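# Topology and contacts: notes
The chain contents come next:
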Amino acid sequence: MKIVMIYDQIQSGLGAKDDRNLPLGILKEPVGPTIMMENLLKQVDGKVVATLYCGWGTYGDNPDEVARKLVAMCHKINPDVVMCGPTFSYVEYAEMACRVAADIEAAGKIHALAAVSQENADVIERYRDKIAIVRTPRKGGTGLNEALKNMCLVAKGLVDGTDITDLKQKACF
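Residues numbered from 1 in each chain as written. Predicted model: local features only at pLDDT ≥ 70, side-chain atom pairs only at ≥ 80, totals over all residues. Heavy atoms only, no water.

## Some words on the overall build of the chain
- In terms of regular secondary structure, the chain is built from seven helices and six strands.
- Along the chain, helices (α) and strands (β) appear in the sequence β-β-α-β-α-α-β-α-β-α-β-α-α when read from the amino end.
- What you see for the chain is a C-alpha radius of gyration of 14 Å, in line with the 16 Å of a compact globule of 173 residues.
- Summarising its shape, the C-alpha atoms of the chain cover approximately 40 × 35 × 30 Å along the three principal directions.
- When burial is assessed residue by residue, the chain has 51% of its 173 residues classed as buried.
- Split by element, the accessible area of the chain, about 8100 Å² in all, is 47% carbon and sulfur.
- A distance of 3 Å separates the average location of the 21 positive side-chain charges in the chain from that of its 22 negative side-chain charges. (Helix = DSSP H or I, 4+ residues; strand = E, 2+ residues; numbered from the N terminus. Rg over C-alpha atoms; globule rule 2.2 N^0.38 Å. Buried < 20%, exposed > 50% of the residue type's maximum accessible area, 1.4 Å probe, protein only. Areas by Shrake-Rupley, 256 points an atom, 1.4 Å probe, with all protein chains shown as cover. Lys, Arg positive; Asp, Glu negative; His and termini not counted. Charge placed at Lys NZ, Arg CZ, Asp CG, Glu CD.)

In structure tokens:
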């Protein structure tokens, strides 16, 4: 299973909260939470082939254009699934992750999911009928390992086309 991750400036390791205007880019190596997921990814026969990243400010200044570019980049890479997040309690990142995952899913060629915390209730409500949104802890909260495992399991289910209704009830919003 080939996977593309989409991260913000923080999760990509290329900036902090104040580095909002990090331009859109790509990394070919695992970074951020992906490093923590490596054993979990092996269990579902998954491999991250690329990490796309973008700062919140860059996305916020032109969400339609940035979302379009991220979707196009994903189609060029052609993974089996795209994982957007974990976004924790960063609302700007949650919005970007859910929007991009929904646009990728809507295009119909690649599966996508987002992973956000319950603090992003408005974003969750807008996108929960369009994509799988895996529950994650808020920044500094507990349960990250379980959330990362659930991201991998949901991704595998989407790619395999198996019935993940029970998994979604347990792991998603």
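## Structural notes on the nonpolar core
- Of all hydrophobic cores here, the largest spans 64 residues; its most connected members are Ile6, Val82, Met83, Ile104, Leu113, Met151 and Val154.
- Among the elements that make up this core, the one with the highest residue count is helix α4 (residues 91-107) (nine residues).
- If we ignore the near neighbours within four places in the chain, the residues touching Leu113 are Val82, Met83, Cys84, Ala101, Ala132, Val134, Met151, Val154, Ala155 and Leu158. (Core = buried A, V, L, I, M, F, W, Y, C linked by side-chain atoms within 4.5 Å. Contact = heavy atoms within 4.5 Å.)

## A look at unusual backbone geometry
- The omega angle of the peptide bond from Gly85 to Pro86 is 20 degrees, so this bond is cis rather than trans.
- With respect to the helices, strands and loops of the structure, Pro86 is situated in the loop between β4 (81-84) and α4.
- Backbone geometry places Asp45, a non-glycine residue, at a positive phi of 55 degrees.
- Here Asp45 lies in the loop between α1 (33-43) and β3 (47-53).
- Phi at Asn78 takes a positive value of approximately 60 degrees, unusual for a residue other than glycine.
- Its location among the elements puts Asn78 in the loop between α3 (63-77) and β4.

## Points about the sheet that holds β4
- Judged by pairing direction, the sheet is mixed, and its six strands sit side by side in the order β2-β3-β1-β4-β5-β6 without closing on themselves. The sheet terminates laterally at β2 (25-27) and β6 (132-136), the two strands that pair on one side only. Averaged over all adjacent pairs, the angle separating strand axes in this sheet is 25 degrees, with direction ignored.
- Here strand β5 (residues 111-117) runs beside β6; their pairing, made up of five bridges, is parallel. Bridge pairing in β6 places Ala114 opposite Ile133. (Pairing = 2+ DSSP bridges. Axes fitted to C-alpha atoms, helices over the stretch in contact; angles between N-to-C directions.)

## Quick word on the side chain of Ser12
- The residue Ser12 is located in the loop between β1 (2-7) and β2 in this model.
- Exposure remark for Ser12: the relative accessible area of 4% places this residue in the buried category.
- Only 2.9 Å separates the side chain of Ser12 from the backbone oxygen of Asp8, close enough to count as a polar contact. (Polar contact = N/O pair within 3.5 Å; in protein donor to acceptor, adjacent residues only side chain to side chain.)

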